[in-house]
Amino acid sequence: MNIIVYGTGYVGLSLCRVLSNKHNVIGVDIDSDKVNLLNACYFNNSNLKFINEINENEFVNTDVIFITVGTPSNEDGSTNLEYVFNVADDIIKCYNLYERDKELVIILKSTVPCGTTAKFNNYIREKICGCNKFRVLFNPEFLREGNEIYDLTHPDRIVIGCDCSNNNNKEKELFIDLYEYNNSIPFVTTDYNTAEMIKYAANSFLALKISFINEISELCNKLNADIVKVAEGIGYDTRIGNKFLNSGLGWGGSCFPKDCHSLLYEGNRIGCNMEILKSSINTNDRCVDRAVEILENEISGKTFAIFGIAFKEGTDDIRDSVSVRLCDKLLNKWYKLKINDPMALGNAKRYYGDKVEICNNIEECVKDVDCIVIATEWECYKHLNYECLGDLMKNRNIFDGRHLLYNRVPKGFKYLHL
Ligand code: UGA
């Protein structure tokens, strides 16, 4: 098949890579520098190319268009749909300029509030003249940043939102053909609004699970119970499951905060009181404040080594990272910060400039500090020789914001956690 993917963020780019194993794929992005870079990176993949704008030949021959452009938060928590509708305009422009016969399938994957796909569908239908042999599907993406290719090729389920007059089996066959999935993957085929809600419900439920364990963790600290054992003890219950029960500084990144706020905004808009969601966000915000309080009360010096600035392990992404939020708060209180991260130091440098010391090297990072603060759950921080690093530090303190060393607290250190 001939496929166009609009948006080459981590979802779009992974999609391009996976689909180009079998199909001809064109990635479209408005950022010319990125397009040049991607063409240079993938020059030996003859099934894949990147462009800024589609032309007649590409449009006329395309079977499927995927849309994976960003849907960032507006100030008030609502979702900015500008990029999604820019793509709609682009498709309309192509339809009105070029003639095509075969049916086009437009698959919207960007996370959008309930009602958007229906609007998007009508918007295109109303504005194109003549031939309108196309159908729009909404197919939410559940892949995790850092695990993109595995998650794309081994999904737990496929959700397809379609115009209900369509034949559901036809959509399932299309996806099996596109991705070469085997027949055992569950398909949930439904209407647009339900499919859109599934994505928000999934992300906010996962965020809630983390907020819940963080609330229990606060209680455990006060009542002298062991939060890591509590999480293990409840996680064996298959109804609860052991995933997303790591307590600590809480959830961040480009998805959970945006999606929880968007759902809350939608709830408020239509007069639904989303108490659980509100509490989940508040509990999450409180984690960083609790961390600052502990650090202020328990550590006498003000020079800290921050281990991890990415929003989670396995990525260089610092968007909405709780580590960044923690550092910002500490900097406001005149702390001196030295930051290490296996992947995200470039982004940290761009964000902080000279306000912090960027340290590629762990020894350099801990030199003369009063405390190590583990802020991101990077596995590599579990395996350092803390006893030796302690010799370089001014004071032997560790604040473990991710419970990484909880079961292996280095000797001779004051160990603090949430
Ligand atoms: C999340 C979802 O997990 C994906 O299913 C979804 O497709 C994606 O958002 C999206 O909407 O695009 P991602 O943002 O990559 O994926 O990150 P997660 O692995 O879910 O972690 C999110 C945050 O929760 C991180 O800050 C992480 O440190 C934190 N977390 C995660 C915890 O604090 N405790 C845990 O037990 C797990």
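Structure first, text after, so check above.
Please read all numbers here as calculations on a predicted model, not as lab measurements. (Residues numbered from 1 in each chain as written. Predicted model: local features only at pLDDT ≥ 70, side-chain atom pairs only at ≥ 80, totals over all residues. Heavy atoms only, no water.)

**Quick notes on the pattern of salt bridges**
Per the counting criterion, the structure on display carries 28 salt bridges. Here K22 ties to D177 by a salt bridge, and the two come within 3.0 Å at their closest N and O atoms. Placement of K22 in the loop between α1 (10–19) and β2 (24–28) and of D177 in helix α7 (residues 168–179) is noted, with a sequence separation of 155 residues between them. Judged by relative accessible area, D177 falls into the partly exposed class, the value being 38%. Within this structure, E218, K222, R286 and R290 form a network of salt bridges that share partners. (Salt bridge = Lys/Arg side-chain N within 4 Å of Asp/Glu carboxyl O. Helix = DSSP H or I, 4+ residues; strand = E, 2+ residues; numbered from the N terminus. Buried < 20%, exposed > 50% of the residue type's maximum accessible area, 1.4 Å probe, protein only.)

**Some words on the packing of helix α8 (residues 192–223) against helix α10 (residues 256–269)**
Where α8 contacts α10, the axes come no closer than 9 Å and their chain directions differ by 115°. One way to sum up the angle between α8 and α10 is to call them roughly perpendicular. Handedness of the crossing formed by α8 with α10: left-handed. Across the interface between the two elements, M197, K199, Y200, N203, S204, L206, A207 and I210 from α8 touch F256, D259, C260, S262 and L263 from α10. (Axes fitted to C-alpha atoms, helices over the stretch in contact; angles between N-to-C directions. Parallel < 35°, antiparallel > 145°, perpendicular 65-115°, else oblique. Left-handed = near helix turned anticlockwise from the far one by under 90°. Contact = heavy atoms within 4.5 Å.)

**A look at the site of the ligand**
Contacts to the ligand come from 22 residues, most closely from F142, L143, E145, K199 and E377. In the model, an oxygen atom of the ligand is placed 2.7 Å from a nitrogen or oxygen of the L143 main chain. Note that an oxygen atom of the ligand is positioned 2.7 Å from one of the side-chain N or O atoms of E377. In isolation the ligand has 710 Å² of accessible area, and contact with the protein removes 93% of it. Mapped onto the shell around the ligand, the elements with two or more residues apiece are α8 and α10. If you tally residues by element for the shell around the ligand, the top one is α8, at three residues. Taken together, the residues of the shell around the ligand sort by class into ten nonpolar, four polar and eight charged. (Near = heavy atom within 4 Å. Polar contact = N/O pair within 3.5 Å; in protein donor to acceptor, adjacent residues only side chain to side chain. Areas by Shrake-Rupley, 256 points an atom, 1.4 Å probe, with all protein chains shown as cover. Nonpolar A, V, L, I, M, F, W, Y, C, P; charged D, E, K, R; others polar.)

**Some details on the sheet that holds strand β5 (residues 104–108)**
What the eight strands build is an open sheet, ordered β3-β2-β1-β4-β5-β6-β7-β8; its pairing is mixed. Every other strand in the sheet has two partners, leaving β3 (48–51) and β8 (187–190) as the edge strands with one partner each. Adjacent strand axes in the sheet meet at a mean angle of 20° when their direction is disregarded. Where β5 and strand β6 (residues 134–138) come together, five bridges link them in parallel fashion. If you follow I107 over to β6, its bridge partner there is L137. (Pairing = 2+ DSSP bridges.)

**With respect to the side chain of N340**
Looking at where N340 falls in the secondary structure, it is placed in strand β10 (residues 336–340). Engagement of the side chain of N340 in a polar contact is seen with the backbone oxygen of C359, the distance being 2.9 Å. In this structure the side chain of N340 is engaged in a polar contact, spanning 3.4 Å, whose partner is the backbone oxygen of N360. The contact partners of N340, leaving out residues within four places of it in the chain, are I306, F307, G308, I309, L345, C359, N360, N361, I362, C365 and Y381.

**Structural notes on the side chain of H23**
By secondary structure assignment, the location of H23 is in the loop between α1 and β2. The exposure class assigned to H23 is buried, which follows from its relative accessible area of 3%. From its side chain, H23 meets the backbone nitrogen of M1 in a polar contact 3.2 Å long. A distance of 2.9 Å separates a polar side-chain atom of H23 from the backbone oxygen of L178. Ignoring anything within four residues of it in the chain, the contact list for H23 reads M1, I3, N47, D177 and L178.

**Brief notes about the packing of aromatic side chains**
One pair of aromatic rings is described through two measures. These are the centre distance and the angle between the planes. Scanning the entire structure with this criterion turns up 13 aromatic pairs. When the centroid spacing of 5.9 Å and the interplanar angle of 65° are considered together, the rings of F85 and F120 count as edge-to-face. Of this pair, F85 sits in helix α4 (residues 82–97) while F120 sits in helix α5 (residues 116–127), and the two are 35 residues apart along the sequence. One aromatic cluster is present, built from ring pairs that chain together F59, Y95, Y98 and F134. One Lys or Arg, R100, reaches over the ring of F59 and ends 5.4 Å from the middle of that ring. Positioned above the aromatic ring of F134, the side-chain terminus of R125 is 4.1 Å from the ring centre. (Phe/Tyr/Trp six-rings, centres within 6.5 Å; stacked < 30°, edge-to-face > 60°. Lys NZ or Arg CZ within 6 Å of the ring centre and 35° of its normal.)

**Remarks on the pairing of strand β1 (residues 2–6)**
In terms of burial, β1 is a largely internal element, four of the five residues being buried. Here β1 runs beside β2; their pairing, made up of five bridges, is parallel. Residue pairing across strands places N2 opposite N24, the latter belonging to β2. One crossover worth recording links β1 to the parallel β2 by way of α1, and it is right-handed. Pairing between β1 and strand β4 (residues 64–67): four bridges, direction parallel. Counterpart to V5 in the pairing with β4 is F66. (Right-handed = clockwise from strand over helix to strand, strands pointing away.)

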